[in-house]
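# What the coordinates show
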Amino acid sequence: MLILTFAYWEGLSRLPAVLHQAGCEVSVFGPPANYPALSRYVTRRTSVAGDIDQLLDQLKQYLAQPQHQADWIVIGDDPLLYALEKRQQQGWVQQVLRHCIALDKLGFATSKIQFLQACQAADILVPAFQICHTMQNLQQAAQRFGFPLVLKEAQGYAGLAVRIIHTMEQCAQIDLSHAWIAQEFITGRLLSASAVFRHGQLLSLFSYYRSRTWGELGPSAAIQFQSFPGLDDIVQRSGTLSGFHGLCGFDLIQQEGSGALYLLEQNFRPTLTLDLGRLAGVDVVAALKRMLADGPVSEEWRQSAQHTQHKAVIPLFPQDVFRAVDSGDFAGLLRWIWDPRYWPYLRWHEPRIALRNWRHVAAKLRLRIRPV
């Protein structure tokens, strides 16, 4: 198995251990000291310094060598997927992309506009939206949906391309040199799901409330497992639309009052909770083994029935620590030291990754307490 990465995303560091449990030999290709390369479950590490174009040029040469052929290639982060999309006419890029998605479905994974349009056409419940190219479009959307108004760019990740707008004056400050998606704001509770697909066939699924997040629109910092009626159908229909192959995540909101599930995003890459399925009674490792099998997988086999074994809120390390530091929640920070219930989530089995995370925590604390 070959993991490709460009962004320094801690969440991807969980993947090598899970692949190792599934019986895989894991290689990593990416920038120096990228997170998954720190895993003790990686056999071969290849580091490439430079920008994304330099990394892709080196990747082309790397994959041309017979000894670097892989049975499955994981595209680990969104910036890398977007960069590959720009080179999709190149034959070697097409071979890489086919490991996760068919070329004629690529826009579904790389454009939030195409994603929403396809979901709407397939009767998957998404917030009402309007594509805005001009200020007039945006003002019309604001009048149609009211405030607060959600604005999204066509590409983005970790909440960086999402804004919550509260006034017409804020609308006037939006750069409309590119298209924006204006969406109705749904009041409710955020939830996410982690799934494994085999060419669009759902093999495993577990879901959870996002109890705490690192930043208002950022990644999860603590989760609480919960099953949601109808979620299987939403996820499977998305899989049918994309034909996606591999691990991915879904973000939704459960509308206050009605309990309806609105699909917000799909992340076409492994997400940071991928190794926690066992706590929800879902065997992700077994699903991966079936995903990688040569023969077809029976429609009757699916680890989507979630039997939650863990009812408590589960903190995620280091995201919850970063959240505590950034928000000034020092009681929450100290809980990682004095509360034994938090200790199992410190990732003792990955010492190099844990050490780097604590170094980042220390750096954040120094910045926080530095005198003005």
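Owing to the predicted nature of the structure, the values given are computational and were not obtained by experimental measurement. (Residues numbered from 1 in each chain as written. Predicted model: local features only at pLDDT ≥ 70, side-chain atom pairs only at ≥ 80, totals over all residues. Heavy atoms only, no water.)

We now examine the pattern of salt bridges. Applying the stated rule across the entire model yields 14 salt bridges. The partner of Arg237 in a salt bridge is Asp233, and the shortest N-O contact between them spans 3.0 Å. Pair noted here: Arg237 and Asp233 are both in helix α9 (residues 231–242), with a separation of four residues, about one helical turn. Exposure remark for Arg237: the relative accessible area of 27% places this residue in the partly exposed category. According to the relative accessible area criterion, Asp233 is partly exposed, its value standing at 42%. Residue Lys364 pairs with Asp326 through a salt bridge whose shortest N-O separation is 2.9 Å. With Lys364 in helix α13 (residues 351–369) and Asp326 in helix α11 (residues 319–327), this pair connects stretches of sequence that are 38 residues apart. Under the relative-accessibility criterion, Asp326 is labelled partly exposed at 40%. The network of salt bridges with shared partners includes Glu10, Arg14, Asp275 and Arg347. (Salt bridge = Lys/Arg side-chain N within 4 Å of Asp/Glu carboxyl O. Helix = DSSP H or I, 4+ residues; strand = E, 2+ residues; numbered from the N terminus. Buried < 20%, exposed > 50% of the residue type's maximum accessible area, 1.4 Å probe, protein only.)

Before going further, it helps to spend a moment on the nonpolar core. One finds Leu56, Leu84, Phe250 and Leu263 to be the most contacted residues of the largest nonpolar core, which totals 53 residues. Non-local contacts of Leu56, meaning those with residues more than four positions away in its chain, are made with Leu80, Ala83, Leu84, Arg87 and Trp92. If you look at the next biggest cluster of nonpolar residues, it comprises 45 residues, including Val196, Leu276, Met291 and Tyr342. (Core = buried A, V, L, I, M, F, W, Y, C linked by side-chain atoms within 4.5 Å. Contact = heavy atoms within 4.5 Å.)

A few words on the sheet that holds strand β6 (residues 149–153). Each strand in a sheet pairs with another by means of backbone hydrogen bonds, the pair being arranged parallel or else antiparallel. Read across the open sheet, the four strands follow the order β5-β8-β6-β7; overall the sheet is antiparallel. Bordering the open sheet on either side are β5 (129–132) and β7 (162–165), each of which pairs with just one other strand. Here the strands of the sheet are splayed against their neighbours by 25° on average, with no regard to which way each runs. Against the sheet, helix α7 (residues 135–145) engages β5, β6 and β8 (180–184), with an angle of about 165° to β5. (Pairing = 2+ DSSP bridges. Axes fitted to C-alpha atoms, helices over the stretch in contact; angles between N-to-C directions.)

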